[in-house]
Amino acid sequence: MIVLDRCTKYFHRGSVNEVLALNDLSLEIKDGDFITVIGSNGAGKSTLLNALAGSFILDNGSIAIHDQNVTNWPEYRRAKLIARVFQDPLLGTCPSATIEQNMALALRRGKTRGLGNWIKAGERERFREDLSTIGLGLEDRLQDSVGLLSGGQRQALTMLMATLVRPEVLLLDEHIAALDPKTAGQILMLTREIVSEQSLTTLMITHNMKHAIEFGNRLIMLHQGRIILDVDGDAKTTLTVDDLLQQFYRVQGEELANDSMLLT
Amino acid sequence: MTIYAALGALEQGLVYGIMVIGVYLTFRILDFPDLTVDGSLPLGASISAVAITSGMNPYLSLIFALLGGFIAGTVTAILNTKFKILHLLASILTMIALYSINIRIMGGPNIALLGADTVFDPIIALGVAPHLASVLVFALFAVLVMASVIWFLKTEFGQAVLATGDNPQMIISQGVNTHLIIIVGVGLSNGLVALSGALVAQNQGAADVGMGIGTIIAGLASVIVGETVFGSNSIARAIIAAVLGSVVYRLAIALALGLEFGGFAFSPSDLNLITALLVITALITPKIKARLIAR
Amino acid sequence: MKKLLMILCAATVMLATSALAGPSVISVNQFVEHPALDAVLKGIQDYLKDNSVDAEFKVHNAQANMGTATQIGQQMIGEKSDLLIAIATPSAQATAQALSKAPADMKRPFLFTAVTDPVAAGLVEAFDKPSEYITGVSDLLPVEKHLEMITTYKPGIKKLAILYNAGEANSKAVVATVKELSSTFGFEVVEATAPKTADVYAAAKSLVGRCDAVFIPTDNTIVAALESVIKVGTQNKLPIFCADVDSVARGAVAAMGFDYYKHGYQTGAMVQKILGGTSPKSLPVEFQEELQLHINLKSAAAMGAPAPEALLKTASKIYE
């Protein structure tokens, strides 16, 4: 179980641009939860994921992963428990390195890296097998430089790399938003497969209300740094887009003037 | 150009090639512009000179020189990672401080090594002429350093170093402490530069506090010439290109210094201008080539 | 008849080849430009001219930079001239190093000049033991004579400062001797060093209030930036004494020193001998004998150090 307890984070504290990104937010994530995260721009979705990952230190509150208090752990230390796929498809892989080098790096996530050879016996074969499961033909291109791949291919690779070492939680930050519809669909299918096969605890941010409803067992909606809606189980499966909008009005009692929410 | 001048350029190219590998490590691999080298080259020279004149074995003095350079590099890296000082500024600060430190180490702005023990003695004792002994010794060291660095970059740690310079966010998410990587990387780079300085001092018969001025320029020029002429597709190729680039750079300098157009001749103080022109040429040539091919 | 023809032919050929042989080529590694060192070079050139020795000079200036001096040393070996000359200790050391590493067929005779202590600098084993390729003329100061002059000029002086570049072996040697003699003369030694010409002004200023007078040995770095020291001296009524007479013309109060033109002239004689075929091995290091006292009255007044009658009488040259 992953517990966020009363987390608060300000950005640009004390200046004219001060923003309260997380406002006393608490969240309990059970093992195996696949949570879709929605909310308007600036609601705090990415901030929530970044707080979990350790990209910054909270101003207040605590985070525990399986009873381990990671609140003050730097990002690289939490990485052995957390896997991330970013919105920018280029951010998850090293362009100057080859596919197999990237995978070798990911295989060692969270482990001390010593002076042994960068790849060990049998790993290449394993990479080939894993790559063949995503069906992009990358298993024949192990020695190709990742910089030569398209955004979609790199994102697929990032997804695969994220799960070479089983993470306690998988963080997906709008990971298909920058891809064309066809590739986005492929990556989304890949996500569903990987998460269900390995029963990964997952948080997925999406702007797409349909995806938010279709995927996962739980849905949370953020607004101004707080969770204003938390639905799971049957209540979630029977949700419609209209329901979500109405829930929003009900909790906040205000007009929702966000185009992107209405148009999806 | 005479054989003597060419041999001299080869000798310089090889010994400074070790420095160029160091510059390649920071400038290209870690994406960390590091001016510390202008101070760590004479640091290595000072440490080695003081050690030798105090009776230490010249080969042993090299190890201390390397250590000194390593420490200087870590200072710059710590200023940058822990104290958030811009890398360029941090390196300048360390470089400036090293000027005074080097004078303290030597007890003055220079130490003469005329007639002192050097790493060339065992080779000369075998009967090799002095001007060939230095080329041989430097070639051996250059090969040793190249092989070590190429091996290092193929280890797990080395791959993390490459990734840190290529995509820091990615490697952080893979659990690597990039601050540590940068500290070790910049330290290693300056260690190599200091080693180079120690060898240069033993060759030229003196360690002088000002001998490092322009090191970063020479290093960058050599890296760029090496990449342009020899390519940098793989790690091994890039490291070897660094040393070869250094040799080509020194050959070009020697050629320029030997030129005479009707009364005008370059003097050693024109070196900076010649280097700048060389780097500009090396940077522009690929672009001109591409344009000509496009037509 | 045939024999005469043959002799005539041989003579013509010999004359032709010696004419084609041309002037001797001399490469010079001068450490820095200042009047004393420039005078040395002129002295050498004038001696050769006066003695009808045909010589072409390739003069390189290191601009007071050790790295440049090293580069010039190597370049000069490549020039394959008939004789190498280095003016001042740092250039001499750089040239000696380049010479030691040169292949046998490129080695040439090497003369140092204006070098204070060639033994301490590592150029020769002993003054009377020059090596196969290296010998020269030393401007070793009889330090005692300088200190005698200074203590006569300013009797009862308590603190004498020495301004020098700790990186010049020549200066280090003189400073050591001054320190040894300081108790005999009854003063305390204060030191200030400047590693390069740009630092001379600050070093000079650091001596204000810490001493009664400043002595500058034959230090190339300080002498190259002498004007800045003179400025400090005049502004603070601090007398500046030098060890070379050219500095008095530039503003030092007084100096007991060599005429560096004569130093060069003396070197020229050695040059002629070596070009004529004498090996450096048979030419022990020479010294300059005559010391001259020069006094600059204008500076004396400006720096608050009026010249005593006794010294004025013995002075070889007095600047008004």
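Worth saying up front: this structure is predicted, and the values here are computed from it rather than measured. (Residues numbered from 1 in each chain as written. Chains lettered and ligands numbered in written order. Predicted model: local features only at pLDDT ≥ 70, side-chain atom pairs only at ≥ 80, totals over all residues.)

Student: What is the right way to read the overall build of chain A from this model?
Tutor: For chain A, the helix and strand inventory stands at ten helices and ten strands. The globule rule puts the C-alpha radius of gyration for 264 residues at 18 Å, and the 19 Å found for chain A is close to it. In terms of its C-alpha atoms, chain A occupies a principal-axis envelope of roughly 60 × 40 × 35 Å. Put simply, chain A has 264 residues, and 39% of those count as buried. (Helix = DSSP H or I, 4+ residues; strand = E, 2+ residues; numbered from the N terminus. Rg over C-alpha atoms; globule rule 2.2 N^0.38 Å. Buried ≥ 20, exposed ≤ 12 C-beta atoms within 10 Å, placed from the backbone.)

Student: How do you make sense of the overall build of chain B when you look at a structure like this?
Tutor: On a plain count of helices and strands, chain B comes out with twelve helices and four strands. Compactness check: chain B gives a C-alpha radius of gyration of 19 Å against a globular reference of 19 Å for 295 residues, within 12% of the reference. A principal-axis box enclosing the C-alpha atoms of chain B has dimensions of 60 × 55 × 35 Å. Counting across all 295 residues of chain B, residues that qualify as buried make up 54%. Summarising the internal contacts of chain B: among those between residues at least 6 apart in sequence, 77% fall at separations of at least 24. (Contact = placed C-beta atoms within 7 Å.)

Student: Would you mind going over the sheet that holds strand β10 (residues 226-232) of chain A with me for this structure?
Tutor: Strand pairing in a sheet is mediated by backbone hydrogen bonds. Such pairs are either parallel or antiparallel. Residue and element names in this part refer to chain A. The strand order across the open sheet built from six strands is β6-β7-β8-β3-β9-β10, with neighbouring strands paired in mixed fashion. For this open sheet the edge positions go to β6 (82-85) and β10, each flanked by a neighbour on one side alone. Recorded for the sheet is a direction-independent mean angle of 20° between the axes of neighbouring strands. The pairing of strand β7 (residues 169-173) with strand β8 (residues 202-205) spans four bridges and is classified as parallel. Bridged to Leu171 within β8 is Leu203. (Pairing = 2+ DSSP bridges. Axes fitted to C-alpha atoms, helices over the stretch in contact; angles between N-to-C directions.)

Student: When you look at the nonpolar core in this model, what are you seeing that I'm missing?
Tutor: Inside soluble globular proteins, nonpolar side chains tend to come together where they are buried. Formed by 259 residues in total, the largest nonpolar core has its most connected members in Tyr24 of chain B together with Leu163, Val214, Val229, Ile240 and Phe241 of chain C. Here this core gathers at least three residues from each of two domains, domain 1 (24-140 + 259-287) and domain 2 (143-258 + 292-319) of chain C. When neighbours within four sequence positions are excluded, Val214 of chain C is seen to be in contact with Ala161, Leu163, Leu207, Gly233, Leu238, Ile240 and Phe241 of chain C. (Core = buried A, V, L, I, M, F, W, Y, C linked by C-beta atoms within 7 Å. Domains from an automatic or database assignment.)

Student: Hey, could you run me through the packing of helix α5 (residues 143-153) of chain C against helix α6 (residues 169-185) of chain C in this one?
Tutor: Between two packed helices, what matters for the description is the angle formed by their axes and the separation of those axes. Residue and element names in this part refer to chain C. Where α5 meets α6, the axes come as close as 10 Å, and the angle between the chain directions of the two elements is 50°. By the angle between their axes, α5 is oblique relative to α6. Here α5 runs over α6; the crossing is right-handed. Within the contact between the two elements, α5 uses Val143, Glu144, Leu147 and Thr151 and α6 uses Val174, Thr177, Val178, Leu181 and Phe185. Classifying every residue of the contact of α5 with α6 by side-chain character gives six nonpolar, two polar and one charged. (Parallel < 35°, antiparallel > 145°, perpendicular 65-115°, else oblique. Left-handed = near helix turned anticlockwise from the far one by under 90°. Nonpolar A, V, L, I, M, F, W, Y, C, P; charged D, E, K, R; others polar.)

Student: Sorry, what's going on with the interface of chain A and chain B here?
Tutor: One frequent convention defines the size of an interface as the accessible area lost when the parts assemble. Taken together, the contact between chain A and chain B spans 25 residues of the former and 20 residues of the latter. When residues of the side of chain A that touches chain B are traced back to their parent elements, those giving at least two are α2 (75-78) and α3 (99-107) of chain A. Among the elements that make up the side of chain A that touches chain B, the one with the highest residue count is α3 of chain A (four residues).

Student: Can you walk me through the sheet that holds strand β1 (residues 24-30) of chain C in this structure?
Tutor: All names here are of chain C. The strand order across the open sheet formed by six strands is β2-β1-β3-β4-β5-β11, and the pairing between neighbours is parallel. The sheet terminates laterally at β2 (55-61) and β11 (286-287), the two strands that pair on one side only. As paired strands, β1 and β2 are joined by seven bridges and run parallel to one another. From the neighbouring strand, Ser24 faces β2, where its bridge partner is Ala55. Against the sheet, helix α11 (residues 260-275) contacts β1, β3 (83-87), β4 (110-115), β5 (134-138) and β11, and its axis sits at roughly 170° relative to β4.

Student: Explain the interface of chain C and chain B here, please?
Tutor: Taken together, the contact pairs 26 residues of chain C with 25 residues of chain B. Looking at the side of chain C that touches chain B, the elements with two or more residues in it are α3 (66-79) and α4 (89-101) of chain C. No other element matches α3 of chain C, which puts ten residues into the side of chain C that touches chain B.

Student: What is the right way to read the pairing of β8 of chain A from this model?
Tutor: For a regular strand, the rule is simple: side chains alternate between the two faces of the sheet. Residue and element names in this part refer to chain A. Here β8 shows a buried face lined by Thr202 and Met204 and a second buried face lined by Leu203 and Ile205. Inspection of the sheet shows strand β3 (residues 34-39) paired to β8 by four bridges, in the parallel sense. Bridging from a neighbouring strand, Val37 pairs with Ile205 of β8.

Student: Just checking my understanding: could you explain helix α7 (residues 156-166) of chain B for this structure?
Tutor: The α-helix winds at 3.6 residues per turn, so residues separated by three or four positions along the chain end up facing the same way. Summarising burial for α7 of chain B: nine of the eleven residues are buried, a large majority. Listed in full, the buried residues belonging to α7 of chain B are Glu156, Gly158, Gln159, Ala160, Val161, Leu162, Ala163, Thr164 and Gly165 of chain B. The inward-facing, buried residues of α7 of chain B contact α3 of chain A together with α1 (3-29), α6 (130-153), α8 (168-173) and α9 (178-204) of chain B.

Student: How should I be thinking about the packing of helix α2 (residues 35-50) of chain C against α11 of chain C in this particular structure?
Tutor: Residue and element names in this part refer to chain C. The N-to-C vectors of α2 and α11 enclose an angle of 45°; their axes lie 6 Å apart at closest approach. As the angle between them shows, α2 and α11 are arranged oblique. The crossing of α2 and α11 is right-handed. Contacts between α2 and α11 pair Ala36, Ala39, Val40, Leu41, Lys42, Gly43, Ile44, Asp46, Tyr47 and Leu48 from the former with Tyr260, Tyr261, Lys262, His263, Gly264, Tyr265, Thr267, Gly268, Ala269, Val271 and Gln272 from the latter. Residue composition of the contact of α2 with α11, by class: twelve nonpolar, six polar and three charged.

Student: How should I be thinking about the pairing of β10 of chain A in this particular structure?
Tutor: Where strand β9 (residues 218-223) of chain A lies against β10 of chain A, six bridges are found, and the strand directions are antiparallel. Looking at the pairing, Ile220 of chain A lines up with Asp230 of chain A of β10 of chain A.

Student: Help me understand unusual backbone geometry, please; the structure alone is not making it clear to me.
Tutor: What is expected of a backbone is that most residues other than glycine have negative phi and most peptide bonds are trans. All names here are of chain A. Unusually for a residue other than glycine, Arg6 sits at a positive phi of about 50°. Residue placement: Arg6 occurs in strand β1 (residues 2-11). Overall, Arg6 belongs to the partly exposed group, with 13 C-beta atoms counted inside 10 Å. Unusually for a residue other than glycine, His66 sits at a positive phi of about 55°. Residue position: His66 is located in the loop between β4 (60-65) and β5 (68-69).

Student: How should the environment of Ile134 of chain C be read in this particular structure?
Tutor: All names here are of chain C. With respect to the element layout, Ile134 can be found in strand β5. Ile134 sits in the buried class, given 24 other C-beta atoms within 10 Å. The spatial distance from the C-alpha of Ile134 to the C-alpha of Ala96 is 8.0 Å, given a sequence separation of 38 residues. Dropping the residues within four chain positions of it, Ile134 is found in contact with Ala96, Phe110, Leu123, Val124 and Pro280.

Student: I'm lost on the environment of Val253 of chain C in this one. Help?
Tutor: Checked against the element boundaries, Val253 of chain C lands in the loop between α10 (246-250) and β10 (254-258). Residues Val253 of chain C and His263 of chain C, ten residues apart in the sequence, show an inter-C-alpha distance of 22 Å.

Student: Quick question: what am I supposed to make of helix α10 (residues 215-230) of chain B here?
Tutor: Residues and elements named next belong to chain B. If you check α10, its first and last C-alpha atoms are 22 Å apart, about what 16 residues at 1.5 Å a residue would give, namely 22 Å. Buried residues dominate α10, accounting for twelve of its 16 residues. Among the residues of α10, those classed as buried are Thr215, Ile216, Ala218, Gly219, Ala221, Ser222, Val223, Ile224, Val225, Gly226, Glu227 and Thr228. Following α10 by one or two positions, Gly231 adopts a phi angle in the positive range, close to 75°. (Expected span 1.5 Å × (residues − 1).)

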